[in-house]
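# Remarks on the overall topology
Letter by letter, the chains look like this.
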Amino acid sequence: MTTETAREAATGTTGLSLSAQQLLTRARAVDARRPWLWDTTLTLFWTGAALVDASGGWRTTAPDPTVPTWLVVALSLALALPLYARRRHPTAALATMACAALVSAASGAFLQAGYLQLIPLFHIALVRPPRALLGAFALLLPPLLTGALRFPRGSWDQHVVPTLWTYALVALLGIAVRSRKDHTAALVDRARRLEIERDQEVRLAAAAERTRIAREMHDIIGHNLSVITGLADGGRYAAAKHPERATQALDAIGTTSREALAELRRLLGVLRDDEQEAARAPQPTLADLDTLITGVRKAGLPVRLDLRDAPTAQPLTPGAQLTVYRTVQEALTNTLKHAGEGATATVLLTYTPQEVRAEITNTGAPAPASPPGQGLTGMRERAALYDGTLESGPLPTGGWHVSLRLPRLPRKGSPS
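Report on the accompanying structure. (Residues numbered from 1 in each chain as written. Predicted model: local features only at pLDDT ≥ 70, side-chain atom pairs only at ≥ 80, totals over all residues. Heavy atoms only, no water.)

## Remarks on the overall build of the protein chain
For the protein chain, the helix and strand inventory stands at 12 helices and five strands. Within the protein chain, the fraction of its 416 residues that count as buried is 35%. A separation threshold of at least 6 residues defines the contact pool for the protein chain, and within that pool the share at least 24 residues apart is 71%. As displayed, the protein chain offers around 24,600 Å² of accessible surface, 62% of which is attributable to carbon and sulfur atoms. (Helix = DSSP H or I, 4+ residues; strand = E, 2+ residues; numbered from the N terminus. Buried < 20%, exposed > 50% of the residue type's maximum accessible area, 1.4 Å probe, protein only. Contact = heavy atoms within 4.5 Å. Areas by Shrake-Rupley, 256 points an atom, 1.4 Å probe, with all protein chains shown as cover.)

## Here's the deal with the nonpolar core
V303, V324, V328 and L332 are the most contacted members of the largest nonpolar core, which has 30 residues in total. Elements with a contribution of two residues or more to this core: α10 (289-298), α11 (318-338), β2 (345-351), β3 (355-362), α12 (374-385) and β5 (400-407). Per element, the largest residue contribution to this core is six residues, and it comes from α11. Grouped together as the second largest cluster of nonpolar side chains are 18 residues, A54, L75, A80 and A109 included. (Core = buried A, V, L, I, M, F, W, Y, C linked by side-chain atoms within 4.5 Å.)

## A closer look at the sheet that holds strand β1 (residues 303-308)
Pairing between the strands of a sheet is mediated by backbone hydrogen bonds and can be parallel or antiparallel. Ordered by their spatial adjacency, five strands build an open sheet running β1-β2-β3-β5-β4, and the pairing between neighbours is mixed. At either end of the open sheet lies a strand with only one pairing partner, and these are β1 and β4 (389-394). Ignoring which end each strand starts from, the neighbouring axes of this sheet average 10° apart. Pairing analysis gives six bridges linking β1 to β2, with the strands arranged parallel. In the strand pairing of β2, V303 is matched with A345. With respect to the sheet, α10 is in contact with β1 and β2, its orientation differing from that of β1 by roughly 160°. Sitting on the sheet, α11 touches β1, β2, β3, β4 and β5, and the angle it makes with β5 is about 175°. (Pairing = 2+ DSSP bridges. Axes fitted to C-alpha atoms, helices over the stretch in contact; angles between N-to-C directions.)

## Quick look at the side chain of H123
Relative to the helices and strands, H123 resides in helix α5 (residues 118-127). On the accessibility criterion, H123 (11% relative accessible area) is buried.

## Let's talk about the side chain of N362
Note on placement: N362 falls in strand β3. Among the polar contacts listed, one links the side chain of N362 to the side chain of T335, at a separation of 3.2 Å. (Polar contact = N/O pair within 3.5 Å; in protein donor to acceptor, adjacent residues only side chain to side chain.)

## Concerning the pattern of salt bridges
Summed over all chains, the structure comprises nine salt bridges. One salt bridge in this structure joins D189 and R192, with 3.8 Å as the shortest N-O distance. One end of the pair, D189, and the other, R192, are both in helix α7 (residues 157-239), three residues apart, so they sit about a helical turn from each other. D189 sits in the partly exposed class, given a relative accessible area of 31%. In this structure, R193 engages D189 in a salt bridge whose closest nitrogen and oxygen atoms are separated by 2.2 Å. With R193 and D189 both in helix α7 and four residues apart, the pair spans about one turn of that helix. Salt bridges linked by common partners bring D39, R86, R87 and R88 together as one network. (Salt bridge = Lys/Arg side-chain N within 4 Å of Asp/Glu carboxyl O.)

## What to know about unusual backbone geometry
Of note, the phi angle at F110 is positive, near 50°, even though the residue is not glycine. By the secondary structure assignment, F110 is in the loop between α4 (90-107) and α5. Since its relative accessible area comes to 14%, F110 is described here as buried.

The structure is reproduced here in structure tokens:
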């Protein structure tokens with residue numbers, strides 16, 4: 001056989017397998033919608049077969065061929081018609097058929113329709129608990145033993161044992177089919193649960209992402225608008241006496257506005273499908289503190305940055321660096337808003353083998369008493385996310401103090 005012929009044969013076999021599977025699927029769908037149709041067809045088929053045997057064929061196997069014809073017909077119907085109820089009431093169907101089989105064995109008719117008892121036995125094994133099979137065998141044994149005792153053929157076990165093996169194999173087949181159906185149902189149920197869990201994880205991730213974006217937008221907009229406001233106020237006061245400083249303030253306002261727009265575009269890019277575009281501009285790190293403080297100084301707030309024991313190894317993770325950056329940004333933004341004229345600020349970063357501390361203080365008036373807002377809540381949430389703590393409050397000498405502590409080695413499971 002050539003390769004082409006083999007391929008065509010394999011394709012044809014696969015096509016036949018798919019067609020058979022499709023036909024089986026359609027047949028099951030029809031049976032699920034109209035179970036009476038298949039039950040009626042099966043019952044009529046076996047009733048017809050039983051009546052054909054009752055027309056005379058039963059005498060070829062009967063120990064007593066003189067059994068009245070009307071009794072043979074009645075027994076044939078009693079052995080076939082209960083099949084219609086085999087799926088809904090398999091035990092009742094088997095009980096009715098076993099009674100007819102008992103009369104058939106006792107009379108010597110030995111109707112071959114007695115083998116139809118295998119069908120409800122299969123359904124009992126398929127849909128009933130295993131202990132129901134004990135009752136089924138209790139119904140099947142009396143006709144079998146009666147026939148063997150009344151009309152012995154050779155040794156009694158030659159008639160009983162093969163039939164018992166047949167009953168046992170049919171029961172095992174029903175159990176095997178049931179186990180496969182249960183396994184399939186368990187797999188479907190597991191897949192459904194996994195899908196539900198995935199949906200929940202997606203919703204939780206979306207909610208967390210919305211919270212993160214809201215916090216980032218608050219930090220970006222709040223800080224940059226405060227800087228722009230400070231620059232505008234300073235430019236207005238300087239316009240009369242020092243026009244060149246007003247021009248510098250306008251330039252700084254333009255630069256700050258463009259930086260704010262660029263950050264917002266980067267942040268909103270996360271919401272789009274194009275992840276590459278969103279990833280082009282990374283999140284701020286500690287290396288961007290100088291740029292942040294320069295912008296605050298241009299807005300009119302003198303800021304001193306003091307670094308102690310700068311790390312040479314084991315730098316902070318990007319997420320922890322962003323936490324420090326946003327905390328400093330929020331604290332300086334609040335100073336611009338509330339500290340008033342003449343205020344100064346100090347940013348002190350201290351690195352130890354165990355932790356990193358960021359302390360931001362200002363010499364202006366304390367912020368007015370108000371419920372905690374998004375800024376303070378966001379700073380605390382960021383710190384807690386990396387096993388850190390954040391404290392803030394007024395200083396005894398006036399001004400405000402913010403203290404952030406982050407461990408150098410966060411616990412397992414903390415974000416990077």
